[in-house]
Amino acid sequence: MLRELDGNPLSSALPGETVHSIRRRGLQALGSTRPTRAALRYRYQHRDPALAVDRFDATFPSPVGIAAGFDKNAVAIHGLAALGFGSVEIGTVTPDPQNGNPRPRFYRLPADRGVINRVGISSQGADRVRERLDAHGTPDVPIGLNVGKMNPSGEAEALVDYRRVVDRLSPYADYVVVNVSCPNTAEEFDQQSPEHLRGIFETLEAEDDETTPVLVKVDPDTTEDALREVVDVGEECGLDGIIATNTASERPDLASPRRYEWGGLSGKPIEDRSTDVVRTLAEYTDLPIIGVGGVDSAISAYAKIRAGASLVQLYTGFLYEGPVISRQINRGLVTLLERDGFETVEDAIGADLE
Ligand SMILES: Cc1cc2nc3c(=O)[nH]c(=O)nc-3n(C[C@H](O)[C@H](O)[C@H](O)COP(=O)(O)O)c2cc1C
């Protein structure tokens, strides 16, 4: 089973989404018993005190986490933590179950080291995810809860949707992320408009000081002015952080035959764009930023940290590199920190900013 995980599934003849779910099921199985988790840890985990980051009232043992979408329904959190990821973001979870878009909806772009997906927001729903978390508990790394709205919900209903998921699942989460940046759902309103964001943040931050930290996830195609507006509204409403970025609608030059498929682009082709967004945000705000987009190596993770990201996440990099990716990045980060004279990752955050 370990060997199966190590294979290079993106070169397989099977559809990309099928390969991904086979691997996730492998991780689910390996994460379900103590001895198999120990075997995963032994083979893949690399811990070093220099890598620990404290944010959102939690300690992340590594800055490298698994991005939302990889484990939408929290089936493989224990396996992913055992691989050495410093956090796992589950979701996007919606209040009730809903299907995403029809298949096929996931395309590999191997020549570009990217993926185009139009999975949409598909979720087993908050109750099913809660049952699973109740039954299996959470691992010893921070868990992010990425929340979404039902497809037909308009602006006002969306606020109710987010609240419903948070009410059911926040006890299991170290932070909550509002996903207003999925590029492959048909929306009749601008989910990132300042008015809508204000409504969301006020709804989720309103309860009391004890609420789980709330973050918002932005789209890489957002203009600098719009990013500043997100920050302004967020700071006014007590937002706790920003995730930059989701997949992109805009297309740079791509070589793969599937480049014309519609959907969100991820992986290498969006790396620089998402790092630019991290930098723009970090120059403007002290809110913690989680950088995501094209991270597949220690160098790419380090670039985001130096641009101002307190933590990083990845999805597409795992598809191309396999489960060794967390160990590769964690080891490589320790070497890069030593090379540049930083004692810890915390010291390197924002090192490239003026
Ligand atoms: C197949 C797929 C499904 C995704 N699903 C979600 C999701 O449900 N919610 C979300 O916020 N982001 C989702 N994402 C976006 C990722 O979390 C991440 O922001 C994006 O892929 C950029 O990171 P990467 O280049 O490391 O893949 C998804 C990405 C992919 C490739």
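Residues numbered from 1 in each chain as written. Predicted model: local features only at pLDDT ≥ 70, side-chain atom pairs only at ≥ 80, totals over all residues. Heavy atoms only, no water.

Caption draft 1: Structural context of unusual backbone geometry. A cis amide bond links Gly91 to the next residue, Thr92, at an omega of 15°. Mapped onto the elements of the fold, Thr92 is located in strand β4 (residues 87-93). Here the residue pair Ala244 and Thr245 is connected by a cis peptide bond, since its omega of 15° sits within 30 degrees of zero. Here Thr245 shows up in the loop between β10 (241-244) and β11 (264-267). One non-glycine residue, Phe56, adopts positive backbone phi at about 55°. As for its placement among the helices and strands, Phe56 is situated in the loop between β1 (53-55) and β2 (58-60). Residue Phe56 is classed as buried on the basis of its relative accessible area, which comes to 10%. One non-glycine residue with positive phi stands out, namely Asp57, at about 60°. Structurally, the position occupied by Asp57 is in the loop between β1 and β2. (Helix = DSSP H or I, 4+ residues; strand = E, 2+ residues; numbered from the N terminus. Buried < 20%, exposed > 50% of the residue type's maximum accessible area, 1.4 Å probe, protein only.)

Caption draft 2: Looking closely at the pattern of salt bridges. Counting across every chain of the model gives 19 salt bridges. Residues Arg113 and Glu321 are paired through a salt bridge, measuring 2.4 Å at the closest nitrogen-oxygen approach. Separated by 208 residues along the polypeptide, Arg113 in the loop between β5 (106-109) and β6 (114-117) and Glu321 in helix α11 (residues 316-321) bring together distant segments of the chain. The salt bridge involving Lys268 is made with Asp296; its shortest N-O contact spans 2.8 Å. Remark: Asp296 occurs in the loop between β12 (289-292) and α10 (298-306) and Lys268 occurs in the loop between β11 and α9 (271-284); sequence separation between them is 28 residues. (Salt bridge = Lys/Arg side-chain N within 4 Å of Asp/Glu carboxyl O.)

Caption draft 3: Representation of helix α12 (residues 325-339) within the structure. The first and last C-alpha atoms of α12 sit 21 Å apart over 15 residues, in line with the 21 Å expected at 1.5 Å per residue. Immediately downstream of α12, the backbone of Gly341 shows phi near 75°, a positive value. (Expected span 1.5 Å × (residues − 1).)

Caption draft 4: Quick peek at the packing of aromatic side chains. The full count for this structure, using the stated rule, is 6 aromatic pairs. Between Phe60 and Tyr175, the ring centres sit 6.4 Å apart and the planes meet at 35°, which makes this aromatic pair tilted. Of this pair, Phe60 sits in strand β2 while Tyr175 sits in strand β8 (residues 175-179), placing them 115 residues apart in sequence. Taken together, the aromatic side chains of Phe70, Phe85, Tyr315 and Phe318 make up a single cluster linked through ring pairs. For Arg228, the ring lying beneath its charged end belongs to Tyr284, and the centroid distance is 5.7 Å. (Phe/Tyr/Trp six-rings, centres within 6.5 Å; stacked < 30°, edge-to-face > 60°. Lys NZ or Arg CZ within 6 Å of the ring centre and 35° of its normal.)

Caption draft 5: Inspection of the sheet that holds strand β3 (residues 64-66) at higher detail. Pairing within the closed barrel is parallel, and its 8 strands lie in the order β3-β4-β7-β8-β9-β10-β12-β13. For this sheet, the mean angle separating the axes of adjacent strands, direction not counted, is 25°. Note: β3 against strand β13 (residues 311-314), 3 bridges, orientation parallel. Note on β13: the bridge partner recorded for Gly65 is Gln313. Against the sheet, helix α6 (residues 155-169) engages β4, β7 (143-147) and β8, with an angle of about 155° to β7. (Pairing = 2+ DSSP bridges. Axes fitted to C-alpha atoms, helices over the stretch in contact; angles between N-to-C directions. Contact = heavy atoms within 4.5 Å.)

Caption draft 6: Here's a closer look at the site of the ligand. Lining the immediate environment of the ligand, one finds 23 residues, of which Ala68, Thr92, Gly267, Gly294 and Thr316 sit closest. At 3.3 Å from an oxygen atom of the ligand is found a side-chain nitrogen or oxygen belonging to Asn179. Expressed as a share of its isolated accessible area of 600 Å², the protein-covered part of the ligand is 96%. Of all the cavities here, the one that holds the ligand is the largest pocket. A per-class count over the shell around the ligand returns 7 nonpolar, 14 polar and 2 charged. (Near = heavy atom within 4 Å. Polar contact = N/O pair within 3.5 Å; in protein donor to acceptor, adjacent residues only side chain to side chain. Areas by Shrake-Rupley, 256 points an atom, 1.4 Å probe, with all protein chains shown as cover. 1 Å grid on protein atoms, 1.4 Å probe; cavity = no way out; pocket = protein on both sides within 12 Å on 5 of 7 lines; lining within 4 Å. Sits in = over half its atoms within 2 Å of the grid points. Nonpolar A, V, L, I, M, F, W, Y, C, P; charged D, E, K, R; others polar.)

Caption draft 7: The layout of surface pockets, seen in detail. Looking at the largest pocket, its volume works out to about 790 Å³. Lining the largest pocket are 45 residues, with Ala68, Gly69, Lys72, Val119 and Tyr315 sitting closest to its centre. Elements supplying a minimum of two residues to the lining of the largest pocket: α2 (16-30), β6, β11, β13 and α11. Residue contributions to the lining of the largest pocket peak at 6 residues, all from α2. Looking at side-chain class alone, the lining of the largest pocket contains 15 nonpolar, 22 polar and 8 charged residues. (Points joined across faces, edges and corners; volume = space filled by probe spheres on them.)

Caption draft 8: Molecular detail of the environment of Arg24. Along the chain, the position of Arg24 falls in helix α2. Ignoring sequence-local partners within four residues, the contact set of Arg24 consists of Phe70, Asp71, Val75 and Ala76.

Caption draft 9: Spotlight on the pairing of β13. Neither face of β13 is open: one carries Leu311 and Gln313, the other Val312 and Leu314, and all of them are buried. Here 3 bridges tie β12 to β13, and the two strands are oriented parallel to one another. Across the sheet, the residue bridging to Val292 is Gln313, located in β13. For the crossover from β12 across α10 to β13, the handedness is right-handed. (Right-handed = clockwise from strand over helix to strand, strands pointing away.)

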